[in-house]
Protein chains: 2
Amino acid sequence: MAIDQEKPELPEQQVLAPISISSESPEPLYRQLRLALEHQIHAGTIVQGLPLPSSRELSRELGLSRNTVNAALQELLASGLIESHARRGYFVNSQLLGRQPPAQEGTSRNYRPLDLRRHIKSWVAADSPEITKISNWRDYPYPFVAGQVEESDFPRLAWARALRDSLDPPHLHFALRDSVDEDDPYLVEMLCQRVLPARGIIAAPENILITAGSQQGLDLLAQTIMNDETTVAVEDPGYVDARHTFARTGASVLALPVDAQGVVPPDSFNGIDAFYLTPSHHSPTNVTLSASRRRSILDATASSGTIIIEDDYDSEFRYRGKPTPALKALTNSAHVVYLGSFTKFLAPGLRMGYVVADPQLVEVLRSQRRYRIRHIAGHPQRAMALMIDSGQYQRTISRRRTQLQRKWSKLTESLDAHLSWKVNAPPGGVTVWIKGPAQLDCRLLMQRCLRQGVVIERGDVFFSNSSAHRNYFRLGFAAINVNAIDPGVRRLATVLNDMGYLELD
Amino acid sequence: MAIDQEKPELPEQQVLAPISISSESPEPLYRQLRLALEHQIHAGTIVQGLPLPSSRELSRELGLSRNTVNAALQELLASGLIESHARRGYFVNSQLLGRQPPAQEGTSRNYRPLDLRRHIKSWVAADSPEITKISNWRDYPYPFVAGQVEESDFPRLAWARALRDSLDPPHLHFALRDSVDEDDPYLVEMLCQRVLPARGIIAAPENILITAGSQQGLDLLAQTIMNDETTVAVEDPGYVDARHTFARTGASVLALPVDAQGVVPPDSFNGIDAFYLTPSHHSPTNVTLSASRRRSILDATASSGTIIIEDDYDSEFRYRGKPTPALKALTNSAHVVYLGSFTKFLAPGLRMGYVVADPQLVEVLRSQRRYRIRHIAGHPQRAMALMIDSGQYQRTISRRRTQLQRKWSKLTESLDAHLSWKVNAPPGGVTVWIKGPAQLDCRLLMQRCLRQGVVIERGDVFFSNSSAHRNYFRLGFAAINVNAIDPGVRRLATVLNDMGYLELD
């Protein structure tokens, strides 16, 4: 993955998503506008480096009086969400973005403000952008979003039945009890006997901790093994939330480049305490880490005493060839901590994952977890164990794999047909990573696409140096209906063509 | 609540719970014994300050050879769980208790030990005992445990139906989606409109954060507003896990005494950054904080800028008179952070609670939560919203209150009939707190009771100075069947009588 050092120029004009203001709403017009702008700012559809349209332009475009528009802008200014730059116009206040406190006025009258500056010890670091998702992606006809699933695919009857069965004895006790820091022994057993062997991993119950999604595994681990004296290596580009989770402990994050063989290991792991990677298919590019790199990374980290954090997300989804075994499956991998998820492919909102690690480390993570959330809810743990034991879980994975494979083929064919660049998507995962010509600005592309009903994800935020990588974007294909893929790509190609990008490169 | 400064003398002999060793088990005899002892050590039924029975005694009592007994003790020694003190015998290693790493031998052969000392930054502080629960309480005929519920009381059909209904549109989307850091808006709405008003609290959606049980609320708050420069006041006796959660941030914990009016406020709150309390009914004594103390605490903390953390657990359960409104319900309570639970009374294993606070603080907590677990599972959130909207939730609370009231009456009557001391249990909650004569050792009482099938909870651990308060214990009545209460109290009285305690005081 070559890195473009040339900083792409920003487009000159901010393009807003459509705003509809109704004079029949009980809400005042200025307030409707303010809320619409707030929404777009939080949704990330407004390019931060560009000025907002002027009040004159907004007034003309929306058919509103200048007073109305100014009232909305004044409120946004007062809330700190936008800033006025002399002679350049209004800009989004990027320091506040993502963590903007909601307006207090009008809604919670019995609260008087608290002097939070005195009390709050840890504001979120603002120097690295967070992934901002468009939460109303379902309202768009072509939602190429990542991390969501098509709802009609969900095995509703089987899951409802497993939940209901978990409320009968002998399961009921485990569904309802306060287990303090324990996991459901049935789920742990099913994980060891049925799920992990499929990834080549031999584990005993004391190697397992059940977590609220793999994010909790990441966090417990980060809080346990990292502090401001720790150096943790990550992939660049890489999974943004992992980087954030590590950085919040004060750890130094070392970004390692990624090429067609996966992450490029450093000459030496000495001084690197932990190494987070996604070997099955790299996030976000989907590249599989080559066998020789795996071996050399395992050997080098074993001798340097570096802990490997293997995030094996969506490893079930490979559409050609054999799945590669997990790093944790190779011998002498005691220093590998493995993070997996039961639910990411099934429904990310179910939030159930696990950690496989050395028993002593598991006990420390378990103690951390006790004082964070005690334990994961017993009822879904028991239901998941029943799903696995009945084979329903495995059947659902197979079915999902077939569906995703069809979508992957359709998407890669459509991209080859409608885009002039070669995409070369590796056969796996639930997203396709695309590098556009150097001049492309993914933020502007995202905006323009949204106006055409196409949701794409910007790629720059996956890089430690976002501003040097504006020409990347990502298409998720798990949530979109297979029949919407080709028309969606056609619209994307039209937008790219209108912006002049298809002629380039 | 007078504090006995006199340190009670320890009984001289360690009494183990019954151990059954079978020569027909495939497990070697020594290993059966080792596991039985390990279990008792972790369950807390072995008094830490007393030596274990000698190998000669164990051998005679269990009918095992000295070699077998010694092999078991050697393994426990090797694992560090017990220590040998010259000429005094074997003692439980209290430093390791609660966090003992499980044995690695035999079960996870492919792992070689990791040098965790290099990596782990935060071991749990060992100076304050953790609450150790007996996890197999169901196996005892008289389980006076706290924090569990009687399983037959659970509204199984209603909960299963709400879960199933949540898998139909329009709910399905909210059950399955990755909402990143958002809560289910329907549940938040139900909380504001239906649940909180019953506690006198007016809140808007931006005041709410849904948590994985109130433990997560405590933890997010502690991680946000406490560090090693913070002083947090707590009740003494008080909720142990809150004290631990605060202490883990490095905060100084200031213990305030509790009397018949509830916690005794200090002369001044200056220098106290936060104050954690359980005003509805104090944990563990069930005392309700008096109206005049409420007012003076609210006023004093408002002027000192102290944040009040109000844990309103089980506030629904008051059996005589009117429930007192929450502190958060009083005016000028913007500095009160309110912690509540949807599920503690219903089934603690469901793990769903909430925080009500200043909107800005909620946003910081939300960002913390995003990097810990992202969000609470969507499916149970939606199901809980449906339960509340249909009125089923409120009906279940009413039914549960009636059941608990019957149990409370039965228990207090039985205690009055069979114990010679006056108990004076306040009419609320799900436990009765008992102060025995100064000579009573709750650890020994717990052991002896277990041998009679009666599970009680030791009371000393609720005090910041446990060793000066061995004469307290607690009986939970939510999990025990109402018909088992009187026979259970009779057995307890017999044990107390055998130990000579009923004659005292």
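Residues numbered from 1 in each chain as written. Chains lettered and ligands numbered in written order. Predicted model: local features only at pLDDT ≥ 70, side-chain atom pairs only at ≥ 80, totals over all residues. Heavy atoms only, no water.

Some thoughts on the sheet that holds strand 12 (residues 431-435) of chain B
Note: strands within a sheet are paired through backbone hydrogen bonds, in either parallel or antiparallel orientation.
All names here are of chain B.
Then, in step 1: Spatially, the 3 strands line up as an open sheet ordered 12-15-14, and their pairing is antiparallel. Unpaired on one side and paired on the other, strand 12 and strand 14 (457-458) mark the two borders of the sheet.
Then, in step 2: With 2 bridges connecting them, strand 14 and strand 15 (residues 472-476) associate as antiparallel partners. If you follow Glu457 over to strand 15, its bridge partner there is Arg474.
Then, in step 3: Running at roughly 20° to strand 12, helix 13 (residues 392-418) makes contact with strand 12 and strand 15 of the sheet. (Pairing = 2+ DSSP bridges. Helix = DSSP H or I, 4+ residues; strand = E, 2+ residues; numbered from the N terminus. Contact = heavy atoms within 4.5 Å. Axes fitted to C-alpha atoms, helices over the stretch in contact; angles between N-to-C directions.)

Remarks on the pattern of salt bridges
Then, in step 1: By the definition in use, this model includes 50 salt bridges over all chains.
Then, in step 2: Here Asp312 of chain A makes a salt bridge to Arg199 of chain A, at a shortest N to O gap of 2.6 Å. Of this pair, Asp312 of chain A sits in the loop between strand 9 (307-311) and strand 10 (336-341) while Arg199 of chain A sits in the loop between helix 7 (185-195) and strand 4 (208-211); the two residues are 113 residues apart in sequence, bridging distant segments of the chain. The two residues Asp312 of chain A and Arg199 of chain A agree in class, both being buried.
Then, in step 3: Residue Arg295 of chain B pairs with Asp299 of chain B through a salt bridge whose shortest N-O separation is 3.6 Å. Of this pair, Arg295 of chain B and Asp299 of chain B both sit in helix 10 (residues 291-304), 4 residues apart, which is roughly one turn of the helix. (Salt bridge = Lys/Arg side-chain N within 4 Å of Asp/Glu carboxyl O. Buried < 20%, exposed > 50% of the residue type's maximum accessible area, 1.4 Å probe, protein only.)

Examining the relation of the copies chain B and chain A
Then, in step 1: The transform that puts chain B on chain A rotates by 180° and translates by 0.0 Å along the axis, for an RMSD of 0.1 Å. The symmetry that links the two subunits is that of a two-fold axis.
Then, in step 2: Of the residues that chain B buries at the interface, 100% are likewise interface residues in chain A, meaning the two copies contact each other through the same surface. (Least-squares fit on C-alpha atoms with pLDDT ≥ 70 in both.)

A word on the interface of chain B and chain A
Then, in step 1: Across the boundary between the two partners, chain B contributes 103 residues, which contact 103 residues of chain A.
Then, in step 2: Summed over the shared surface of chain B and chain A, the result is 8 salt bridges.
Then, in step 3: A salt bridge links Arg156 of chain A to Asp168 of chain B; the nearest nitrogen and oxygen atoms lie 2.9 Å apart.
Then, in step 4: The interface formed by chain B and chain A holds 33 residue pairs in polar contact (both at pLDDT 80 or more) in total.
Then, in step 5: By residue number, the principal contributor to the side of chain B that touches chain A is helix 11 (residues 359-373) of chain B, which donates 11 residues.
Then, in step 6: Among the residues making up the side of chain B that touches chain A, the classes are represented as 44 nonpolar, 32 polar and 27 charged. (Polar contact = N/O pair within 3.5 Å; in protein donor to acceptor, adjacent residues only side chain to side chain. Nonpolar A, V, L, I, M, F, W, Y, C, P; charged D, E, K, R; others polar.)

Topic: the packing of helix 5 (residues 156-165) of chain A against helix 12 (residues 378-389) of chain A
Residue and element names in this part refer to chain A.
Then, in step 1: As a packed pair, helix 5 and helix 12 sit with axes 8 Å apart at the nearest point and diverge in direction by 120°. As for the relative orientation of helix 5 and helix 12, their crossing is right-handed in sense. Along the contact surface, helix 5 presents Ala158, Trp159, Ala162, Leu163 and Asp165, while helix 12 presents His379, Pro380, Ala383, Met384, Leu386 and Met387. (Left-handed = near helix turned anticlockwise from the far one by under 90°.)

Section: the pairing of strand 6 (residues 252-259) of chain B
All names here are of chain B.
Then, in step 1: With 6 bridges connecting them, strand 5 (residues 231-236) and strand 6 associate as parallel partners. Looking across to strand 6, one finds that Asp236 is bridged to Pro257.
Then, in step 2: Of the crossover connections in this fold, the one passing from strand 5 over helix 9 (residues 240-247) to the parallel strand 6 is right-handed.
Then, in step 3: Pairing of strand 6 with strand 7 (residues 262-263) involves 2 bridges; the strand directions are antiparallel. Looking at the pairing, Asp259 lines up with Gly262 of strand 7.
Then, in step 4: Remark: 2 residues form the turn of the hairpin made by strand 6 and strand 7, two consecutive strands paired antiparallel. (Right-handed = clockwise from strand over helix to strand, strands pointing away.)

Examining the domain arrangement of chain A
Then, in step 1: Looking at chain A, the domain boundaries give domain 1 (29-96), domain 2 (137-147 + 397-498) and domain 3 (155-390).
Then, in step 2: The distance between the C-alpha centroids of domain 1 of chain A and domain 3 of chain A comes to 42 Å. (Domains from an automatic or database assignment.)

Here's the deal with the environment of Arg382 of chain B
Residues and elements named next belong to chain B.
Then, in step 1: Its place among the elements puts Arg382 in helix 12 (residues 378-389).
Then, in step 2: Taking the C-alpha atoms as reference points, Arg382 and Leu35, 347 residues apart in sequence, are found 43 Å from one another.
Then, in step 3: Leave out the neighbours within four places in its chain, and Arg382 touches Ser166, His171, Phe174, Asp184 and Tyr186.

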